[in-house]
Amino acid sequence: GLGLETARDVSQLEVKQMLGNIEDIRDYHKMFMLPKMEKAVDNAQLMRVLFETEQPRLSRKYGRYCINNTRSSIIIDQNIKFFSLYQFNKGLKLRVDGMLIKPIQRLTRYHMFLSSISKTCKELGFVEASTDFASACDSIL
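As a starting point, this report considers the structure included with it. Numbers given to residues run from 1 along each chain, matching the order in which its sequence is written. It should be noted that, the model being predicted, local features are given only for residues of pLDDT at least 70 and side-chain atom pairs only at 80 or more, the latter also being counted only at that level, while totals for whole chains, interfaces and linings use all residues. To get the side-chain values, all heavy atoms of the structure are used, and hydrogens and water are removed first.

What follows deals with the overall build of the protein. Of the regular secondary structure elements, the protein holds seven helices and zero strands. We compute the radius of gyration over the C-alpha atoms and compare it with the globule rule, which gives 2.2 Å times the number of residues raised to the power 0.38. Since a compact globule built from 141 residues should have a radius of gyration of about 14 Å, the 19 Å found for the protein marks it as more spread out than a globular shape. Accessible area is worked out with a 1.4 Å probe on protein chains only. A residue is then buried under 20% of its type maximum, exposed over 50%, and partly exposed in between. Evaluated residue by residue, the protein yields a buried proportion of 35% over its 141 residues. A separation of at least 24 residues holds for 69% of the contacts in the protein among residues at least 6 apart in sequence. Areas reported here follow the Shrake-Rupley algorithm with a probe of radius 1.4 Å; residue values treat only the protein chains shown as occluding. Accessible surface, the protein as shown: approximately 9,200 Å² in total, 57% of it carbon and sulfur. Secondary structure elements are taken from DSSP: a helix is a run of H or I of four residues or more, a strand is a run of E of two residues or more, and numbering for both begins at the N terminus. Should any heavy atoms of two residues lie within 4.5 Å, those residues are considered in contact.

As structure tokens, then:
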């Protein structure tokens, strides 16, 4: 067979530990960060203020998530057969651990995005905007 008989089910507690505060992060970005970023997209000062203001909350949410990510990796490693079968049965392109790293990658993308905009503004001579985007960028990592 497919090894189903040797893949034990993952408990609700393990799933909860694995996911950590991922739903909180998803909702925070969907309901708060994304709308605020869309409003600030053409206003470097507003973008800087947004990231500087949200820095403590971003640090807290992602800090918790990153600390939890180690626990998630252990649970996945201990139950790799279960998760491989889950991925196969659901027709998922990414492994579960690949999906769980997405929130961490978002921070890196914010950093690259703001850094790139800052550089472009500087090249175009928009020094103040460049400084604002660079400051927003510094608030992330």
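Now for the environment of Ile 104. In this structure, Ile 104 sits in helix α6 (residues 102–123). Judged by relative accessible area, Ile 104 falls into the partly exposed class, the value being 22%. The spatial distance from the C-alpha of Ile 104 to the C-alpha of Tyr 62 is 7.3 Å, given a sequence separation of 42 residues. Apart from the residues lying within four places of it in its own chain, the contact partners of Ile 104 are Tyr 62, Tyr 65, Cys 66 and Asn 69.

With that out of the way, let us pick up the pattern of salt bridges. For this document, the term salt bridge refers to a Lys or Arg side-chain nitrogen within 4 Å of an Asp or Glu carboxyl oxygen. The final tally for this structure, using the stated rule, is seven salt bridges. In this structure, Arg 57 and Glu 54 form a salt bridge, with 3.0 Å as the shortest nitrogen-oxygen distance. Of this pair, Arg 57 and Glu 54 are both found in helix α3 (residues 44–78), three residues apart, which corresponds to roughly one turn of the helix. Its relative accessible area of 31% is what places Arg 57 among the partly exposed residues.

Another aspect to go through is helix α4 (residues 80–90). Listing the buried residues of α4 in full gives Phe 83, Leu 85 and Gln 87. Contacts from the buried residues of α4 go to α1 (12–19), α3 and α5 (96–100). Within two residues after α4, Gly 91 carries a phi angle of roughly 65°, on the positive side.

Now for the environment of Glu 38. When you line up the elements, Glu 38 lands in helix α2 (residues 22–40). Its relative accessible area of 55% is what places Glu 38 among the exposed residues. Measuring from C-alpha to C-alpha, the distance between Glu 38 and Gly 63 comes to 25 Å, with 25 residues separating the pair along the chain.

In this analysis an axis means a line fitted to C-alpha atoms, helices contributing only their contacting stretch, and an angle means the value between N-to-C directions, from 0 to 180 degrees. Close contact between α3 and helix α7 (residues 127–138) brings their axes to 8 Å; oriented N to C, the two are set at 15°. By the angle class used here, α3 and α7 are roughly parallel. Taken as a pair, α3 and α7 cross one another with a handedness that is left-handed. Here Ala 44, Gln 45, Met 47, Arg 48, Phe 51 and Glu 52 of α3 come into contact with α7, specifically with Ala 129, Asp 132, Phe 133, Ser 135 and Ala 136. In this classification, Asp, Glu, Lys and Arg are treated as charged, Ala, Val, Leu, Ile, Met, Phe, Trp, Tyr, Cys and Pro as nonpolar, and every other residue, Gly included, as polar. Residue composition of the contact of α3 with α7, grouped by class: six nonpolar, two polar and three charged. Reported orientations rely on four angle classes, namely roughly parallel under 35 degrees, roughly antiparallel over 145, roughly perpendicular from 65 to 115, and oblique for the rest. For a crossing to be left-handed, the near helix must be turned anticlockwise from the far one by less than a right angle; the clockwise case is right-handed.

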